[in-house]
Amino acid sequence: MNLNCFILVLELAGNAARDNKKTRINPRHVLLAVRNDEELGKLLAGVTIASGGVLPNINPVLLPKKSSSAAEKTPKSKKSPKKA
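1. Section: unusual backbone geometry
Thinking step 1. Of note in this structure, Lys21 is not a glycine but carries a positive phi near 60°.
Thinking step 2. On the secondary structure map, Lys21 appears in the loop between helix H1 (2-19) and helix H2 (27-36).
Thinking step 3. Despite not being glycine, Ser51 shows a phi value in the positive range, around 60°.
Thinking step 4. When you line up the elements, Ser51 lands in the loop between helix H3 (38-43) and helix H4 (68-73).
Thinking step 5. Judged by its relative accessible area of 68%, Ser51 falls in the exposed class.

Structural data, given as structure tokens:
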């Protein structure tokens, strides 16, 4: 069981390293592999991996809103307004 778990983590970390165009597995790749896998994430939920960092995550509330209909309704004039 332990060997199978180790092989799985190593394989997933190798895939993460390959995705980042690296040839060596570092703690960051191990963290990405563990946290992105549902079962390993539950198993190692309370574990801190040194030099692993955090998962990249941006709260959707902080992202700019995409409103294509609003951009079409307000035409932008190319000329500056005339002064009176």
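2. Looking at the side chain of His29
Thinking step 1. By the element assignment, His29 lies in helix H2.
Thinking step 2. For His29, a relative accessible area of 3% puts it in the buried group.
Thinking step 3. Excluding residues that lie within four positions of it along the chain, His29 makes contacts with Ala13, Ala16, Ala17, Asn20, Lys22 and Arg24.

Calculation rules
- Residues numbered from 1 in each chain as written.
- Predicted model: local features only at pLDDT ≥ 70, side-chain atom pairs only at ≥ 80, totals over all residues.
- Heavy atoms only, no water.
- Helix = DSSP H or I, 4+ residues; strand = E, 2+ residues; numbered from the N terminus.
- Buried < 20%, exposed > 50% of the residue type's maximum accessible area, 1.4 Å probe, protein only.
- Contact = heavy atoms within 4.5 Å.

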